[in-house]
Amino acid sequence: MDCIFCKIINKEIPSVFLYEDDMVVAFKDINPQAPVHFLIIPKEHIESNDDINDENSHIIAHVFKIAKKLAKENGLESGYRIVNNCKEDGGQTVNHIHFHVLGGRQMLWPPG
Ligand code: 5GP
Ligand code: ZN
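Rules and cut-offs
- Residues numbered from 1 in each chain as written.
- Chains lettered and ligands numbered in written order.
- Predicted model: local features only at pLDDT ≥ 70, side-chain atom pairs only at ≥ 80, totals over all residues.
- Heavy atoms only, no water.
- Donors = N, O, S within 2.8 Å, 3.2 Å for Na, K, Ca; no water.
- Helix = DSSP H or I, 4+ residues; strand = E, 2+ residues; numbered from the N terminus.
- Buried < 20%, exposed > 50% of the residue type's maximum accessible area, 1.4 Å probe, protein only.
- Core = buried A, V, L, I, M, F, W, Y, C linked by side-chain atoms within 4.5 Å.
- Polar contact = N/O pair within 3.5 Å; in protein donor to acceptor, adjacent residues only side chain to side chain.
- Pairing = 2+ DSSP bridges.
- Axes fitted to C-alpha atoms, helices over the stretch in contact; angles between N-to-C directions.
- Contact = heavy atoms within 4.5 Å.

All right, on to the coordination of the zinc ion (ligand 2) then. The zinc ion (ligand 2) binds to the protein through Cys3 (SG), Cys6 (SG), His45 (ND1) and His96 (ND1); the donor distances cover 2.0 to 2.3 Å. Taken in sequence order, the residues that donate to the zinc ion (ligand 2) follow the motif C-x2-C-x38-H-x50-H. Placement of Cys6 in helix α1 (residues 4-9) and of His45 in the loop between β3 (36-42) and α2 (57-73) is noted, with a sequence separation of 39 residues between them. Note on Cys6: relative accessible area 14%, which makes it buried.

Another aspect to go through is the nonpolar core. Val24, Phe38, Ile40 and Leu70 are the most contacted members of the largest nonpolar core, which has 18 residues in total. Sorting the residues of this core by element identifies β2 (24-28), β3, α2 and β5 (99-103) as the ones contributing at least two each. Looking at this core element by element, the count peaks at 7 residues for α2.

Once that is clear, we can look at the environment of His37. Examined against the element boundaries, His37 turns out to sit in strand β3. Put simply, His37 and Val16 are 21 residues apart on the chain and 11 Å apart in space, counted from C-alpha to C-alpha. Among the polar contacts listed, one links the side chain of His37 to the backbone nitrogen of Gln33, at a separation of 3.0 Å. Of note is the side chain of His37, whose polar atom sits 2.9 Å from the side chain of His100.

Within β5, 5 of the 5 residues are buried, which leaves the element mostly enclosed by the surrounding structure. Burial along β5 is two-sided: the residues Phe99, Val101 and Gly103 and His100 and Leu102 are all buried. The pairing of β3 with β5 spans 5 bridges and is antiparallel. The partner of Phe38 across the bridge, within β5, is Val101. Pairing between strand β4 (residues 81-83) and β5: 3 bridges, direction antiparallel. Bridge pairing in β5 links Arg81 to Leu102.

Bringing the sheet that holds β2 into the picture now. With antiparallel pairing, the 5 strands of this open sheet are ordered in space as β1-β2-β3-β5-β4. Lying at the two open borders of the sheet, with one neighbouring strand each, are β1 (17-20) and β4. Adjacent strand axes in the sheet meet at a mean angle of 20 degrees when their direction is disregarded. Against the sheet, α2 contacts β1, β2, β3, β4 and β5, and its axis sits at roughly 155 degrees relative to β3.

Rendered as C-alpha cells:
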C-alpha cells in the first residue's frame, strides 16, 4: 500500500521513533510546529476519524493513554495539545489516522 505512515511503521522510511508497541508507534513530526511535536499512529491502517468503529476504537483509546505517558516523558508536565485533522476540511494531509501531540510552548486558540 502506498502510505507513508505504513512505510514508517515498517521502517521503509526512516523517522525518529519515540515509542512502539503491538498497537501503536510514535515518532517525531518531520516539520515540528512546537518545541515538542510528535505523532502517534495505530499500526493498523485506519484512514481517518470517520473510520473508527466498534472493532478498532480500543486502539484509539490506547493512543490517548500513550499520549499521556509520552507527554510526561518529554517534559510536558504543564500541558500539551492533542490534534486530529480529519479529511479535507480538517486539514488532513496523510490518510492514515494520526494524533499530533504538541507542547513546550503556550498553544493558541482558535487554531486557524
Ligand atoms: P496532517 O496535516 O495530515 O494532520 O499531518 C501530517 C503530519 O505528518 C504533518 O505534520 C507532517 O509534517 C508529518 N509528516 C509528513 N510526512 C512525514 C514523514 O515522512 N516523516 C515524518 N516524521 N512526519 C511526516
Ligand atoms: Zn497507512
